[in-house]
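Letter by letter, the chains look like this.
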Amino acid sequence: MSAFKALPIVLLLSLCPHAAATLHVLATNKTCPAVNLLMAEISQVPFPEDWTIVLACTRLDWEKLQRTGDAQAAQRAFSNLEGKITVVNGAIFYKDDVGRPVHRVLLHETGHIHCRCGNEDQAERWALEYERIKRMPAVAAAPELGGSTGKKPD
Ligand SMILES: [Zn+2]
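Note that the structure is a prediction, hence the values are computed from the model and not measured.

Basis of the calculations
Residues numbered from 1 in each chain as written. Predicted model: local features only at pLDDT ≥ 70, side-chain atom pairs only at ≥ 80, totals over all residues. Helix = DSSP H or I, 4+ residues; strand = E, 2+ residues; numbered from the N terminus. Buried ≥ 20, exposed ≤ 12 C-beta atoms within 10 Å, placed from the backbone. Contact = placed C-beta atoms within 7 Å. Axes fitted to C-alpha atoms, helices over the stretch in contact; angles between N-to-C directions. Left-handed = near helix turned anticlockwise from the far one by under 90°. Nonpolar A, V, L, I, M, F, W, Y, C, P; charged D, E, K, R; others polar. Expected span 1.5 Å × (residues − 1). Pairing = 2+ DSSP bridges.

*Asks:* I'm lost on the overall build of the chain in this one. Help?
*Replies:* The secondary structure content of the chain amounts to five helices and five strands. In sequence order, the secondary structure elements of the chain are arranged as α-β-β-α-β-α-β-β-α-α. The burial tally for the chain puts 36% of its 154 residues in the buried class. By sequence separation, contacts in the chain at least 24 residues apart represent 60% of the contacts at least 6 residues apart.

*Asks:* Teacher, can you tell me more about the packing of helix 4 (residues 102-115) against helix 5 (residues 120-135) here?
*Replies:* For any two helices packed against each other, the geometry comes down to the angle between their axes and how far apart the axes lie. Helix 5 packs onto helix 4 with a crossing angle of 115 degrees between their chain directions and a minimal axis gap of 7 Å. Classified by chirality, the crossing of helix 5 by helix 4 is right-handed. Of the residues in helix 5, those touching helix 4 at R104, L107, H108, G111, H112, H114 and C115 are Q122, A123, E124, W126, A127, Y130 and E131. For the contact of helix 4 with helix 5, the per-class residue count stands at six nonpolar, five polar and three charged.

*Asks:* So what exactly am I meant to see when it comes to helix 4 here?
*Replies:* Each turn of an α-helix holds 3.6 residues, which means side chains three or four residues apart point in the same direction. Taking 1.5 Å per residue as the helical rise, helix 4 with its 14 residues ought to reach 20 Å, and the 20 Å between its terminal C-alpha atoms agrees with that figure. Turning to helix 4, its buried residues number three or more, namely V102, V105, L106, L107, H108, E109, T110, G111 and H112. Elements in contact with the buried residues of helix 4: helix 2 (35-42), strand 4 (77-80), strand 5 (85-89) and helix 5. Immediately downstream of helix 4, the backbone of R116 shows phi near 50 degrees, a positive value.

*Asks:* Which parts of the structure should I look at to understand the pairing of strand 5?
*Replies:* In terms of burial, strand 5 is a largely internal element, five of the five residues being buried. Here strand 3 (residues 52-56) pairs with strand 5 via five bridges, running parallel. Counterpart to V54 in the pairing with strand 5 is V87. With four bridges joining them, strand 4 and strand 5 adopt antiparallel strand pairing. Residue pairing in the sheet places F78 in a bridge with V87 of strand 5. Where strand 4 hands over to strand 5, the hairpin turn is made up of four residues, of which K84 adopts a positive phi near 55 degrees.

Following this line, the structure appears as structure tokens:
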């Protein structure tokens, strides 16, 4: 589930900016070890240039951002389309038990951005299709053969 309530801007003022070529990337902690991992991942994911990505470095930070964004059901990430913000749970860089590769978590969020909707299936389909085209550029024009995995994304 994703939440689309506005995150108060004041929240972002207390975060630490990290330079990125196009996106704004913020972390809740100056010494957040996941920042570099996140930077490497988002360079492979088509976020819009005017997007802001917030990395929750600790579980407490994540829970706070979840509450602020009214996204308690999200486990890995959630996006606020109006605020052009995606909040990422830093735990996805360290734990396998959250279930899916970081790349796919981020792609799923760009799926929401692309469909401008909170629909999980639509966002996931977009992510799967993007991955498929990236893997096999030659078949990009071919009709889609596979369907959804049926797994429930965030
Ligand atoms: Zn989602």
